[in-house]
Amino acid sequence: MCSVFKNKNLVLKPGRVLKGASIKGQVSGVWAGFARSEILDWWHRQGAEEVELTATSFAERSSKTGQLVWEDVHENHIISAILDHRQNPALLKVVTRAANPDEVSKFEHPRLPLLRKRKFAAIPPGEEEPDLFSA
C-alpha cells in the first residue's frame, strides 16, 4: 500500500481529493483506501473505473521502524488506481500488489502500489488543469 506519494514537490496523502486520467479524460475522487490487484475484476464488475495517477515517487511505511521508505517512479509510468462510483462523491483507491522478497526486505511492507506504463493523457493529481481558453 502506498502511504504517500509525490508529484514533483506536491505531497499527496489519503483523504485528499486527487485528479487523474481515465478513458473518459480527467476524473477526481477522494483517496479513500486501496484495491488489491488480485481482485480488480471484482472492482470492475462493481462499476469501478481505471484511473492513472501521475507521481514522481512513492513511499511505504516500514512495519518495523515506522519510517517512510521512498522509491522513484520511472518516467512515463503511473500509479494505478480505481474510481469507485458507488458513493457520492466517488472514492479513489490506489491499486496494490504483493511485494516480492527483495521489495519486502527494502520497504519492510508486504504490498506496494501497482506501477505501470501510462495509457491515458497525463493529468497531474492535485493540480488544476490549465484553462486553455482564458484570455
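Refer to the preceding data block for the structure.
The structure contained in this document is the topic of the report that follows. (Residues numbered from 1 in each chain as written. Predicted model: local features only at pLDDT ≥ 70, side-chain atom pairs only at ≥ 80, totals over all residues. Heavy atoms only, no water.)

Remarks on the sheet that holds strand E1 (residues 4-7)
Part 1 of the argument: Strand order in the open sheet formed by four strands is E2-E1-E6-E7, and the pairing between neighbours is antiparallel. Of all strands in the sheet, those bounded by a partner on one side alone are strand E2 (10-12) and strand E7 (68-72). Each strand of the sheet is rotated relative to its neighbour by a mean of 20°, with strand direction disregarded.
Part 2 of the argument: For strand E6 (residues 57-61) and E7, the ladder comprises five bridges, and the chain directions are antiparallel. Residue pairing across strands places Ser57 opposite Asp72, the latter belonging to E7. (Pairing = 2+ DSSP bridges. Helix = DSSP H or I, 4+ residues; strand = E, 2+ residues; numbered from the N terminus. Axes fitted to C-alpha atoms, helices over the stretch in contact; angles between N-to-C directions.)

Side note on the packing of aromatic side chains
Part 1 of the argument: Taken as a whole and assessed by the stated rule, the structure comprises four aromatic pairs.
Part 2 of the argument: On the numbers, 6.2 Å between centres and 80° between planes, the contact of Trp31 with Phe34 is edge-to-face.
Part 3 of the argument: When its relative accessible area of 1% is taken as the criterion, Trp31 is described as buried.
Part 4 of the argument: On the basis of relative accessibility, which here comes to 29%, the residue Phe34 falls in the partly exposed class.
Part 5 of the argument: These aromatic residues form a ring-pair network of at least three members: Phe5, Trp31 and Phe34.
Part 6 of the argument: The ring of Trp70 carries Lys6 above its face, with NZ or CZ at 4.7 Å from the centroid. (Phe/Tyr/Trp six-rings, centres within 6.5 Å; stacked < 30°, edge-to-face > 60°. Buried < 20%, exposed > 50% of the residue type's maximum accessible area, 1.4 Å probe, protein only. Lys NZ or Arg CZ within 6 Å of the ring centre and 35° of its normal.)

Quick notes on the pattern of salt bridges
Part 1 of the argument: Evaluated as defined, the whole model comprises 10 salt bridges.
Part 2 of the argument: In this structure, the salt-bridge partner of Glu71 is Lys106, at a minimum N-O distance of 2.2 Å. Pair noted here: Glu71 is in strand E7 and Lys106 is in helix H2 (residues 101-107), with a separation of 35 residues, a long-range link.
Part 3 of the argument: What makes Glu71 partly exposed here is its relative accessible area of 29%.
Part 4 of the argument: With its nearest N and O atoms 2.7 Å apart, the salt bridge here joins Glu103 to Arg97.
Part 5 of the argument: Residue classification places Arg97 among the partly exposed residues on the basis of a relative accessible area of 25%.
Part 6 of the argument: Through salt bridges with shared partners, a single network forms among Glu50, Glu52, Arg116, Arg118 and Lys119. (Salt bridge = Lys/Arg side-chain N within 4 Å of Asp/Glu carboxyl O.)

Remarks on the pairing of E1
Part 1 of the argument: Relative to E6, E1 runs antiparallel, the two sharing three bridges. Opposite Lys6, over in E6, you have Ser57 as the bridge partner.

Remarks on the nonpolar core
Part 1 of the argument: Phe5, Leu18, Val51, Leu53, Phe58, Ile79 and Leu92 are the most contacted members of the largest nonpolar core, which has 20 residues in total.
Part 2 of the argument: Among the elements of the structure, strand E4 (25-36), strand E5 (49-53), strand E8 (77-84) and strand E9 (91-98) are those that each provide at least two residues to this core.
Part 3 of the argument: For this core, the element with the most residues is E8, which contributes three residues.
Part 4 of the argument: With residues up to four places along the chain from it excluded, the contact list for Val51 reads Gly20, Ala21, Val27, Ile79, Ser80, Ala81, Ile82, Leu83, Leu92 and Arg116.
Part 5 of the argument: Core analysis: the next-biggest nonpolar cluster, separate from the first, contains six residues, Leu40, Trp43, Ala48 and Ile82 among them. (Core = buried A, V, L, I, M, F, W, Y, C linked by side-chain atoms within 4.5 Å. Contact = heavy atoms within 4.5 Å.)

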